[in-house]
Amino acid sequence: MTATRLGRLVGLDVARCLALLGMVATHVLDARTPDGEVATAQLLAGGRASALFAVLAGVSLALMTREPLRGRPLVLRSAGIAGRAVLIALLGLLLGGLDSGVAVILTYYGVLFVLGLPFTVLRLRSLVPLTVGWVVVAPAVSHLVRPHLPERGFDSPSFEQLADPGQLASELLLTGYYPVVPWLAYLLAGIALGRLDLRDTSLLGALALGGLGTAVLATRVSGALVDPAVASENATGMYGTTPADGDWDWLLVVAPHSATPFDLAQTIGSAVLVICACLLLERLLPRAVTAVLAVVLGAGAATLTLYSLHVVMLTPQVWPEEEPSAYVSHVVVLLALGAVLRLLRRRGPLEAVAGLPVRLARSAATGDDSRTPQRSGTNR
């Protein structure tokens, strides 16, 4: 029996909630202390929270495509998932037009889903080496190509950028804050992880240790190869990529949002550690405690809705003001709404809308009328 047939994996929701709170921290809290040191929140969440979201996206994609299909059912399922990705991308363009001051991830996220679809037909023995190869090769290809692309902007993708599709495509794929080409490594890692038995405690323990080891090794090797002054200067992160100046030494850094091989390896390792630790927690805790945890961190089951709300809350004239003290307000609002949705056993409203293409595709494939809103039941 597959993990999803046994019910919703609360551990995945917990991991999603941690990713959401981590991204809120990087958006609201200061990256450095008054003394100039990297802040604890930045050390923990900088670059890792968004990477965790991307790896979890791969896990979700693996769960949505766990049943092997061919012919028309496969086409319909792929079309439904692609339709869901388009709706998420459009939402990202809408939020990108707000004056929130943050790099909105959703448009990149939607493109990532579409480009990841062909890889869902691969078996685990192909996905693992492909992921490793992508971590090494994609940043090198990006480094070669980016100097020949249009100069990047620093605004989130928005509907206004549709007037220049070439520039928009360049930013989404290679030069933007969450460049999809190297970031596909996160999705591939998540798909591979989602193909495993996510209820096997021994396997989860081994994967958690493997993720920790990968993260530590990538950090240590990069630290040994990079000038400490360069590492310190970029410790709070870059803007999605390294400078396009032709210097190959940039590929050795492990700075957040640099999309280098060391950055990808370190953040993939961190994401696997968090996901497997959360799933282990679910397996080891008493059922009653897990049920409470599912409510308290229920925001993880509605991250699309609550992330969007967070972005809106950061815009001018919307409470609370953007300052470090506002972090608590954001957390309280997001966790409270997540708990209410969980208690009501309802999906977030944006999750329900984004899931409509998938439900329509499933209905067309089975002949059943499944267009009514679904209650929260699986980790898709």
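Everything numeric in this text was worked out from a predicted model, so none of it was measured. (Residues numbered from 1 in each chain as written. Predicted model: local features only at pLDDT ≥ 70, side-chain atom pairs only at ≥ 80, totals over all residues. Heavy atoms only, no water.)

S.K.: Got a minute to help me understand the overall build of the protein chain in this structure?
M.R.: Scanning the protein chain for helices and strands turns up 16 helices and zero strands. The C-alpha radius of gyration of the protein chain comes to 20 Å, within 12% of the 21 Å expected for a compact globule of 380 residues. Projected onto the principal axes, the alpha-carbon positions of the protein chain cover approximately 60 × 50 × 45 Å. When burial is assessed residue by residue, the protein chain has 50% of its 380 residues classed as buried. Within the protein chain, counting contacts between residues at least 6 apart in sequence, those at least 24 apart form 75% of the total. Carbon and sulfur atoms make up 64% of the accessible area of the protein chain, which amounts to about 17300 Å² in all. Of the side-chain charges in the protein chain, 28 are positive and 26 negative, and the distance between the mean point of each set is 20 Å. (Helix = DSSP H or I, 4+ residues; strand = E, 2+ residues; numbered from the N terminus. Rg over C-alpha atoms; globule rule 2.2 N^0.38 Å. Buried < 20%, exposed > 50% of the residue type's maximum accessible area, 1.4 Å probe, protein only. Contact = heavy atoms within 4.5 Å. Areas by Shrake-Rupley, 256 points an atom, 1.4 Å probe, with all protein chains shown as cover. Lys, Arg positive; Asp, Glu negative; His and termini not counted. Charge placed at Lys NZ, Arg CZ, Asp CG, Glu CD.)

S.K.: Just checking my understanding: could you explain the packing of aromatic side chains for this structure?
M.R.: Applying the stated criterion across every chain, the model contains seven aromatic pairs. Ring geometry for Phe 119 versus Trp 134: centroids 5.9 Å apart, planes at 80°, classification edge-to-face. Here Phe 119, found in the loop between helix H5 (106–116) and helix H6 (124–145), pairs with Trp 134, found in helix H6; they are 15 residues apart in sequence, far enough to count as distant. Consider the rings of Tyr 177 and Tyr 239, whose centres lie 6.4 Å apart with planes at 65°: the pair is edge-to-face. (Phe/Tyr/Trp six-rings, centres within 6.5 Å; stacked < 30°, edge-to-face > 60°.)

S.K.: How should I be thinking about the nonpolar core in this particular structure?
M.R.: One finds Leu 12, Leu 61, Leu 106, Phe 113, Tyr 186, Ile 275 and Tyr 307 to be the most contacted residues of the largest nonpolar core, which totals 86 residues. By residue number, the principal contributor to this core is helix H3 (residues 48–64), which donates 13 residues. In this structure, Tyr 186 is in contact with Ala 51, Ala 54, Val 55, Asp 263, Leu 264, Thr 267 and Ile 268, ignoring residues within four places of it in sequence. Of all hydrophobic cores here, the second largest spans five residues; its members include Val 226, Trp 250, Val 253 and Ala 255. (Core = buried A, V, L, I, M, F, W, Y, C linked by side-chain atoms within 4.5 Å.)

S.K.: Explain the side chain of Thr 267 here, please?
M.R.: If you trace the backbone, Thr 267 turns up in helix H11 (residues 261–284). Among the polar contacts listed, one links the side chain of Thr 267 to the backbone oxygen of Asp 263, at a separation of 2.6 Å. The contact partners of Thr 267, leaving out residues within four places of it in the chain, are Gly 47, Arg 48, Ala 51 and Tyr 186. (Polar contact = N/O pair within 3.5 Å; in protein donor to acceptor, adjacent residues only side chain to side chain.)

S.K.: Even after reading the chapter, I still don't get the environment of Ala 291, so can you show me in this structure?
M.R.: Along the chain, Ala 291 falls in helix H12 (residues 287–296). A relative accessible area of 44% means that Ala 291 is categorised as partly exposed. Between the C-alpha atoms of Ala 291 and Pro 182, which are 109 residues apart in sequence, the distance is 37 Å.

S.K.: Which parts of the structure should I look at to understand the packing of helix H13 (residues 303–313) against helix H14 (residues 326–343)?
M.R.: The angle between the axes and the distance between the axes are what describe a pair of packed helices. One way to put it is that H13 packs onto H14 with a least axis distance of 11 Å and a crossing angle of 150°. Classified by the angle their axes make, H13 and H14 are roughly antiparallel. H13 and H14 meet at a crossing whose hand is right-handed. Across the interface between the two elements, Leu 306, Leu 309, His 310 and Met 313 from H13 touch His 330, Val 333, Leu 334, Leu 337 and Gly 338 from H14. In terms of residue class, the contact of H13 with H14 is built from six nonpolar, three polar and no charged. (Axes fitted to C-alpha atoms, helices over the stretch in contact; angles between N-to-C directions. Parallel < 35°, antiparallel > 145°, perpendicular 65-115°, else oblique. Left-handed = near helix turned anticlockwise from the far one by under 90°. Nonpolar A, V, L, I, M, F, W, Y, C, P; charged D, E, K, R; others polar.)

S.K.: How should I be thinking about the state of the cysteines in this particular structure?
M.R.: A covalent bond between the sulfur atoms of two cysteines is what we call a disulfide. Here the structure, examined in full by the defined rule, presents zero disulfides. With no disulfide partner, Cys 276 has as its closest neighbouring cysteine sulfur the one in Cys 278, 9.3 Å distant. Accessibility expressed as a relative area gives 0% for Cys 276, which makes it buried. (Disulfide = S-S within 2.5 Å.)

S.K.: What exactly am I supposed to notice about the layout of surface pockets here?
M.R.: Empty space among the atoms becomes visible once a probe the size of a water molecule is rolled across them. For the largest pocket, the calculated volume is near 840 Å³. Lining the largest pocket are 41 residues, with Gly 101, Val 102, Ala 103, Tyr 177 and Tyr 239 sitting closest to its centre. The set of elements that each furnish at least two residues to the lining of the largest pocket consists of helix H1 (10–28), helix H2 (40–45) and H3. With four residues, the single largest contributor to the lining of the largest pocket is H1. Residue classes in the lining of the largest pocket are distributed as 16 nonpolar, 18 polar and seven charged. (1 Å grid on protein atoms, 1.4 Å probe; cavity = no way out; pocket = protein on both sides within 12 Å on 5 of 7 lines; lining within 4 Å. Points joined across faces, edges and corners; volume = space filled by probe spheres on them.)

S.K.: Would you take a moment to explain the environment of Leu 306 for this structure?
M.R.: Mapping Leu 306 onto the fold places it in helix H13. Residue class for Leu 306 comes out buried when judged on its relative accessible area of 1%. Taking the C-alpha atoms as reference points, Leu 306 and Leu 209, separated by 97 residues in sequence, lie 31 Å from one another. Every residue in contact with Leu 306, bar those within four places of it in the chain, is listed here: Leu 20, Ala 299, Leu 334, Leu 337 and Gly 338.

S.K.: Please clarify how H3 should be interpreted in this entry.
M.R.: Each α-helix turn comprises 3.6 residues. Residues three or four places apart therefore point the same way. For H3, which comprises 17 residues, the first-to-last C-alpha distance of 24 Å matches the rise-based estimate of 24 Å (1.5 Å per residue) to within 8%. Along H3, 16 of the 17 residues are buried, which leaves the element largely enclosed by surrounding structure. (Expected span 1.5 Å × (residues − 1).)

S.K.: I keep staring at helix H7 (residues 165–175) and nothing clicks. Help me out?
M.R.: Every buried residue belonging to H7 is among Gln 167, Leu 168, Ser 170, Glu 171, Leu 172, Leu 174 and Thr 175, and all of these are buried. Elements that come into contact with the buried residues of H7 comprise H5, H6 and helix H8 (180–194).

S.K.: Mind showing me how you'd approach the packing of H12 against H14 here?
M.R.: One can describe the packing of H12 onto H14 by two numbers: an axis separation of 7 Å at closest approach and a directional angle of 125°. Considering the angle they form, H12 stands oblique to H14. For the pair H12 and H14, contact is made by Ala 294, Val 295 and Val 296 and by Leu 335, Ala 339, Arg 342 and Leu 343, respectively.

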